[in-house]
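For reference, the chains in residue letters:
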Amino acid sequence: MTLIRHGRGPNPLIGFRVEDVAVDHVGVDLQRPECILAERDGTLWTADARGGVVRIAPDGTQTLVVQTSDEHFDLAGDQQASLLGGTLPNGIAFAANGDLLIANFGTDRLERMTRSGETRVMLDSLDGKPLGKVNFVLRDRRDRIWFTVSTMVNPWSEAVNATLADGYMVLVDDKGARIVADGFHFTNEIRFDAKEEWLYVAETTAKRVTRLRVQADGSLTDREVYGPSSLGDGVVDGICFDAYGNLWATMIFADRLVAITPDGDLLELLDDGDPAATARFEAAFATGAPVPFDITLACGGPLCNWLASVTFGGPDLSRVYLGGLRATRVPYFTSPIRGLPMAHW
């Protein structure tokens with residue numbers, strides 16, 4: 001593994017724990033706020049299982065932005081049907097003009113929605129074949145769109161095992177859409193480093209982060225594991241960089257927040273899971289078979305249930321927002337170091 005050497009002095013994240021700082025919340029009655037986008041003026045956008053996003057204004061005012069509201073999501077009723085089927089907006093990103101790019105984990109397609117709710121399908125197949133479980137979307141500074149497909153297995157819960165590696169990554173640019181890397185263990189969130197020289201990939205069911213060097217034509221080379229070969233309990237879901245070079249990562253089901261330092265060390269920033277439920281999940285996962293859904297349903301903690309994503313925001317990017325698949329609010333706290341600005345910032 002090639003390490004990032006910053007030479008910037010002591011790492012401000014060493015010794016930091018979320019339990020030691022004030023945690024507040026924003027939003028109410030959100031439905032599956034898996035991914036969060038922050039704008040400079042303090043506006044937040046959260047993915048929402050009703051078929052679009054929720055816009056949370058700086059004063060806390062909420063607006064559901066959808067073309068047609070889907071009411072299938074009901075965690076108080078049928079959790080399995082809610083989490084495995086229907087429209088499930090997952091990863092979101094801003095297009096260059098401010099539209100929302102939506103990786104829809106339920107409809108298995110990449111969608112584009114205006115800020116007033118008009119939606120169109122950008123891509124639902126490739127080379128004549130269905131895409132599979134479209135998970136996350138990211139735009140780079142050259143206005144290219146990258147998105148991940150976690151698996152071809154449906155329901156996705158059957159892909160939560162240590163052996164399946166059918167995930168892949170797609171690049172959409174002026175040449176069209178094409179697969180640029182495959183063979184991933186449940187491809188999840190992706191992020192660029194500060195210079196967009198490397199693309200980092202959360203391989204959920206491998207419990208690791210992989211990175212690939214980005215060539216000028218969008219091809220990806222020099223694939224390698226970044227940091228520890230295993231990030232520990234839970235499976236890795238969301239990732240993002242801070243300005244120092246630490247790569248933050250959420251470990252869903254165990255509900256842990258960790259970070260890989262530029263030296264490749266692992267820091268644990270939060271452990272909010274249920275220890276007994278996590279132990280049962282890990283035991284089932286270790287068999288190599290799909291983890292029974294009732295075992296995953298028993299997992300999670302009170303702060304941000306099924307902790308799935310981490311996003312920097314606030315006027316100086318020092319505020320950290322957490323997204324959860326079974327959360328109804330968005331927790332946030334102040335980081336000792338600001339986040340790395342994304343392409344839209």
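In what follows, the structure referred to is the one given above.
Residues numbered from 1 in each chain as written. Predicted model: local features only at pLDDT ≥ 70, side-chain atom pairs only at ≥ 80, totals over all residues. Heavy atoms only, no water.

> Could you give an account of the side chain of Ser318, naming the residues involved and the relevant values?
The topology assignment puts Ser318 in the loop between strand S24 (307–313) and strand S25 (319–324). The exposure class assigned to Ser318 is buried, which follows from its relative accessible area of 16%. Polar side-chain contacts of Ser318 include one of 2.7 Å to the side chain of Asp316. Each residue touching Ser318, except ones within four places of it in the same chain, is listed here: Gly313, Phe333, Thr334, Ser335 and Arg338. (Helix = DSSP H or I, 4+ residues; strand = E, 2+ residues; numbered from the N terminus. Buried < 20%, exposed > 50% of the residue type's maximum accessible area, 1.4 Å probe, protein only. Polar contact = N/O pair within 3.5 Å; in protein donor to acceptor, adjacent residues only side chain to side chain. Contact = heavy atoms within 4.5 Å.)

> Provide a residue-level description of the sheet that holds strand S18 (residues 208–214), including the pertinent values.
Read across the open sheet, the 4 strands follow the order S16-S17-S18-S19; overall the sheet is antiparallel. Each edge of the open sheet is held by one strand with a lone partner, namely strand S16 (187–192) and strand S19 (220–226). Each adjacent strand pair in this sheet contributes to an overall mean axis angle of 25 degrees, direction not counted. (Pairing = 2+ DSSP bridges. Axes fitted to C-alpha atoms, helices over the stretch in contact; angles between N-to-C directions.)

> Report on the nonpolar core, specifying residues and quantitative values.
Among the nonpolar cores identified, the biggest contains 30 residues, and Trp248, Leu257, Leu269, Leu322 and Phe333 are the most heavily contacted of them. Listing elements by their share of this core, those giving two or more residues are strand S2 (36–38), strand S4 (52–56), strand S22 (256–260), strand S23 (266–271), S24, S25 and strand S26 (330–334). Apart from residues lying up to four places away in sequence, Leu257 is in contact with Val18, Trp248, Ala249, Thr250, Leu267, Glu268, Leu269, Leu270, Leu307, Val310, Leu322 and Phe333. Among the nonpolar cores identified, the runner-up in size contains 26 residues, and Phe94, Leu138, Phe192 and Leu212 belong to it. (Core = buried A, V, L, I, M, F, W, Y, C linked by side-chain atoms within 4.5 Å.)

> Give me the pattern of salt bridges: which residues, what numbers.
Applying the stated rule across the entire model yields 17 salt bridges. Put simply, Asp48 and Arg50 hold a salt bridge, and the shortest N to O gap is 2.7 Å. On the basis of relative accessibility, which here comes to 0%, the residue Asp48 falls in the buried class. Its salt-bridge partner being Asp173, residue Arg178 comes within 2.8 Å of it at the nearest N-O pair. The partly exposed category is assigned to Arg178, whose relative accessible area is 24%. One connected set of salt bridges, linked through shared partners, spans Arg17, Glu19, Arg256 and Glu268. (Salt bridge = Lys/Arg side-chain N within 4 Å of Asp/Glu carboxyl O.)

> Tell me about the side chain of Asn161, residues and numbers included.
Position of Asn161 relative to the elements: it lies in the loop between strand S13 (145–149) and strand S14 (167–173). Judged by relative accessible area, Asn161 falls into the buried class, the value being 5%. Of the polar contacts made by the side chain of Asn161, one reaches the backbone nitrogen of Leu164; its length is 3.0 Å.

> Which residues make up helix H2 (residues 275–285), and what are the values?
Listed as buried for H2 are Ala277, Thr278, Phe281, Glu282, Ala284 and Phe285. Take H2 and look down its axis: the buried residues cluster within an arc of 165 degrees, on one side only. Capping of H2 at its N-terminal end is provided by Asp274; its side-chain oxygen lies 3.1 Å from the backbone amide nitrogen of Ala276. (Arc of directions from axis to C-beta.)

> Please set out the pairing of S24 residue by residue, giving values where relevant.
Of all 7 residues in S24, 7 are buried, a share of seventy percent or more. Bridge count for S24 against S25 is 6 bridges, and the pairing is antiparallel. Its bridge partner lying in S25, Gly313 is registered against Arg319. Taking the residues that link successive antiparallel strands as the turn, the S24-S25 hairpin has 5 residues, and the phi of Gly314 there is positive, at about 85 degrees.

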